[in-house]
Amino acid sequence: MNNKWIRAVLPALLIHCSIGTVYCWSLFKADIANYIGSSLGEVEWAFSLAIFVLGMSAAFGGRLVEKDIHKSSLLAMIFFVVGMAGTGFFIYQKSLLGIYVSYGIVMGIGLGIGYLTPVKTLMLWFKEQKGLATGLAVAGFGLAKVIASPLMESLMGARDNTGMLVDPTSIYTMFYILAAIYFVMMFIGHLTLKKPFGSEEENMEGQHFSYIKVLKNKTFIGIWLMFYINITCGLALISQEKGMLAFIGFRAIGLVSSLTAIFNAGGRVAFSSLGDRLSDRNSIYKIIFFSSIAAILATIVFDGMNNAYAILIIALLCIVNAGYGGGFSSLPPLLSDRFGLDSISTVHGLTLSAWAFAGLSGNQLSTFILEQTGSYDIMLYVILAMFAVAALISIFVVKPGIVNLENEVSNGKKEVIAS
């Protein structure tokens, strides 16, 4: 029982495959709106709130995870499962405010703490392959939608000719059943998660961790900004995936959706694993940004949207999805290389606050542009410019070397003074 696959990889996958189902929201949001009698726009805020709370709870929960992974994994399970069951209860009560609280806030807290909890443990077990380890876990978060979607569709049951559920009550009973399933998965993850022998004690440096010094550090600001831009651009395009394909007359939308989900999950493993072989993990972000820029430029130059070049659009969506996933999995090893492993959960949590704000701005960015201009080309130009800014930040701001927060210089040593 005392090996890295059972003590780190298995629990990480169980936890991330559970909380990653937050990305299944699009499958049932319309059914919730129909059942409780609210508009789709009003219900949509539950998801945005969940992503925002995810990022902020990770930002403020990093110290808890750093101190006690068993307590944090237990709290993540409790908040996530209670939030899931509570969502079902408030759907039954037809309470929009209750759904905001249960799905958006309570479940969101479980998401943030649960996302952080396995990361440092994985890197402690896989010190020579930190990218591979985090990639495997975060891939579970990305694959959760692929795994859970058929189950959710089955639990909701048949639909009539208009797409409405034949049995409307199945929408809230589904949440009760899912809460039970994810309780079992996350509880097993909680029981099996364990740091390697000799690393249970809290490192004394972590007790003197300075939030202010990290937040003021130029390298941290640069990583935060390029991470934020990558998520914002990714969400802006991913949220318009169906609309872009419909615009060019492509009908096999479900097939492309599965393909992009595979690229999203595959990018999480491929990019972070590649980082293990590079001298500087920041090179991964340069690859992500320049490949995304190239895919957008190809679409613009060949006027792919107006000429209905499906191959260009599909390639664009696959490349951006891979980079979106790779940006998540490559983040913890990059932060570990720059700030050391001792306080990685705290630094990682602070950086995930970028996810909170991107969750509020990504979908809304593309929606706003399309409402104002009605042009997918304008949307692509804006996203192209943002990726270009991110690439410049990666090149000129996030410099190689370990950051010493005491004097903010690279000292080339393996150990870092993080106070």
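Definitions and limits used
Residues numbered from 1 in each chain as written. Predicted model: local features only at pLDDT ≥ 70, side-chain atom pairs only at ≥ 80, totals over all residues. Heavy atoms only, no water. Helix = DSSP H or I, 4+ residues; strand = E, 2+ residues; numbered from the N terminus. Rg over C-alpha atoms; globule rule 2.2 N^0.38 Å. Buried < 20%, exposed > 50% of the residue type's maximum accessible area, 1.4 Å probe, protein only. Contact = heavy atoms within 4.5 Å. Areas by Shrake-Rupley, 256 points an atom, 1.4 Å probe, with all protein chains shown as cover. Lys, Arg positive; Asp, Glu negative; His and termini not counted. Charge placed at Lys NZ, Arg CZ, Asp CG, Glu CD. Axes fitted to C-alpha atoms, helices over the stretch in contact; angles between N-to-C directions. Left-handed = near helix turned anticlockwise from the far one by under 90°. Nonpolar A, V, L, I, M, F, W, Y, C, P; charged D, E, K, R; others polar. 1 Å grid on protein atoms, 1.4 Å probe; cavity = no way out; pocket = protein on both sides within 12 Å on 5 of 7 lines; lining within 4 Å. Points joined across faces, edges and corners; volume = space filled by probe spheres on them. Disulfide = S-S within 2.5 Å. Expected span 1.5 Å × (residues − 1). Bend = angle between axes of the 7 residues up to and from the residue. Salt bridge = Lys/Arg side-chain N within 4 Å of Asp/Glu carboxyl O. pLDDT = per-residue confidence, 0-100. Phe/Tyr/Trp six-rings, centres within 6.5 Å; stacked < 30°, edge-to-face > 60°. Lys NZ or Arg CZ within 6 Å of the ring centre and 35° of its normal. Core = buried A, V, L, I, M, F, W, Y, C linked by side-chain atoms within 4.5 Å.

Peer 1: Would you take a moment to explain the overall build of the protein chain for this structure?
Peer 2: Counting its secondary structure elements, the protein chain contains 17 helices and two strands. For a compact globule of 419 residues, the expected C-alpha radius of gyration is about 22 Å, and the protein chain comes in at 21 Å, within 12% of that figure. The burial tally for the protein chain puts 55% of its 419 residues in the buried class. Considering only contacts in the protein chain between residues 6 or more positions apart, those separated by 24 or more positions represent 81%. As displayed, the protein chain offers around 16,900 Å² of accessible surface, 67% of which is attributable to carbon and sulfur atoms. Charged side chains in the protein chain number 27 positive and 24 negative. The centres of these two groups are separated by 5 Å.

Peer 1: Explain the packing of helix α1 (residues 4-19) against helix α6 (residues 130-156) to me, please; I cannot follow it from the model alone.
Peer 2: Axis angle and axis distance: for two packed helices, these are the angle between their axes and the distance between the axes, and together they describe the pair. Between α1 and α6, whose axes approach to 7 Å, the crossing angle comes to 35°. Crossing geometry of α1 relative to α6 is assigned as right-handed. Taken together, the residues of α6 that come into contact with α1 (itself represented by Trp-5, Ala-12, Leu-13, His-16, Cys-17 and Ile-19) are Leu-136, Ala-137, Val-138, Gly-140, Phe-141, Ala-144 and Ile-147. In terms of residue class, the contact of α1 with α6 is built from 11 nonpolar, two polar and no charged.

Peer 1: Could you clarify how one ought to interpret the layout of surface pockets in this entry?
Peer 2: Any empty space left between the atoms is revealed when a probe the size of a water molecule rolls over them. In this model, the largest pocket occupies a volume close to 1,600 Å³. Tyr-23, Ser-26, Lys-145, Ile-238 and Ser-239 are the residues nearest the centre of the largest pocket, which is lined by 39 residues in total. At the level of secondary structure, the elements contributing two or more residues to the lining of the largest pocket comprise α2 (25-36), α3 (40-67), α6, α10 (218-238), α11 (241-247), α12 (253-275), α14 (310-339) and α16 (353-373). Of the residues forming the lining of the largest pocket, the biggest block, eight residues, is contributed by α12. When the residues that make up the lining of the largest pocket are grouped by side-chain class, the tally is 15 nonpolar, 17 polar and seven charged.

Peer 1: I keep staring at the state of the cysteines and nothing clicks. Help me out?
Peer 2: What makes a disulfide is a covalent bond joining the sulfur atoms belonging to two cysteines. Across all of its chains, the model carries zero disulfides by this definition. Considering cysteine sulfurs only, Cys-17 is the nearest to Cys-24, which forms no disulfide, with 11 Å between them. Taking relative accessible area as the criterion, Cys-24 reaches 0% and is therefore assigned buried.

Peer 1: Explain empty space enclosed by the protein to me, please; I cannot follow it from the model alone.
Peer 2: Here the structure, examined in full by the defined rule, presents one cavity of 30 Å³ or more. Taken as a whole, the largest cavity holds about 40 Å³ of empty space. Forming the walls of the largest cavity are Thr-21, Val-22, Phe-28, Met-84, Tyr-103, Met-107, Met-152 and Phe-175.

Peer 1: Looking at this structure, I do not really get α14. What am I missing?
Peer 2: Since the α-helix packs 3.6 residues into each turn, any two residues three or four apart lie on the same face. With 30 residues, α14 should cover 44 Å at 1.5 Å per step; its first-to-last C-alpha distance of 43 Å lies within 8% of that length. At Ser-330, α14 is deflected by roughly 35°, the largest bend along its length, and proline Pro-332 occurs up to four residues later in sequence. Where α14 ends, the next residue or the one after it, Gly-340, has phi of about 90°, a positive value.

Peer 1: I would appreciate a short explanation of the pattern of salt bridges in the present structure.
Peer 2: Side-chain pairs of opposite charge can arise where the charged atoms are in close proximity. Counted under the stated rule, the structure contains seven salt bridges. The partner of Asp-31 in a salt bridge is Arg-159, with the nearest N and O atoms 2.9 Å apart. Linking Asp-31 in helix α2 with Arg-159 in the loop between α6 and α7 (170-192), this pair joins segments that are 128 residues apart in sequence. Using a relative accessible area of 7% as the deciding quantity, one classes Asp-31 as buried. Between Arg-281 and Asp-337 there is a salt bridge, with the nearest N and O atoms lying 2.8 Å from each other. Note that Arg-281 is positioned in the loop between α12 and α13 (282-301) and Asp-337 in helix α14, a separation of 56 residues in sequence. Under the relative-accessibility criterion, Asp-337 is labelled partly exposed at 25%. Look at the salt bridges and you will find they share partners, linking Lys-130, Asp-276, Arg-281 and Asp-337 into a network.

Peer 1: Sorry if this is basic, but what is going on with the confidence of the model for the protein chain here?
Peer 2: When pLDDT drops low, the exact placement of atoms in the prediction is not to be read closely. The pLDDT averaged across the protein chain works out to 90; a share of 94% of its residues lies at or above 70. Every residue in residues 201-207 scores below 50 in pLDDT, and together they form 11 contacts with partners more than four places removed in sequence or on other chains. Note on residues 409-419: pLDDT is under 50 here. Beyond four places in sequence and across chains, it has 28 contacts.

Peer 1: Looking at this structure, how should I read the packing of aromatic side chains?
Peer 2: The geometry of an aromatic ring pair is captured by the separation of the ring centres together with the interplanar angle, meaning the angle of the planes. Applying the stated criterion across every chain, the model contains 27 aromatic pairs. Where Tyr-285 meets Phe-289, the ring centres are 6.1 Å apart and the plane angle is 45°; that geometry is what we call tilted. With Tyr-285 and Phe-289 both in helix α13 and four residues apart, the pair spans about one turn of that helix. Take Tyr-285: its relative accessible area is 1%, and that puts it in the buried class. Exposure remark for Phe-289: the relative accessible area of 0% places this residue in the buried category. An aromatic cluster of three or more residues is present, and its members are Tyr-23, Trp-25, Phe-28, Phe-47, Tyr-103, Tyr-115, Phe-141, Phe-175, Phe-227, Tyr-324, Phe-328 and Trp-355. One cation-aromatic arrangement involves Lys-94 over Tyr-35; the distance from NZ or CZ to the ring centre is 5.1 Å.

Peer 1: Even after reading the chapter, I still don't get α7, so can you show me in this structure?
Peer 2: The end-to-end C-alpha separation of α7 is 33 Å, in line with the 33 Å expected for 23 residues at 1.5 Å each. Buried residues in α7 make contact with α1, α2, α4 (69-92), α5 (96-125) and α6.

Peer 1: Explain the nonpolar core to me, please; I cannot follow it from the model alone.
Peer 2: A general tendency of soluble globular proteins is for nonpolar side chains to be buried together. Counting residues in each nonpolar core, the largest one holds 115 residues, and the members touching the most others are Phe-28, Ile-32, Tyr-103, Ile-171 and Trp-355. A total of 14 residues in this core trace back to one element, the largest contributor, which is α14. The next biggest cluster of nonpolar side chains, apart from the first, holds eight residues, and it includes Ala-12, Leu-122, Ala-133 and Ala-137.

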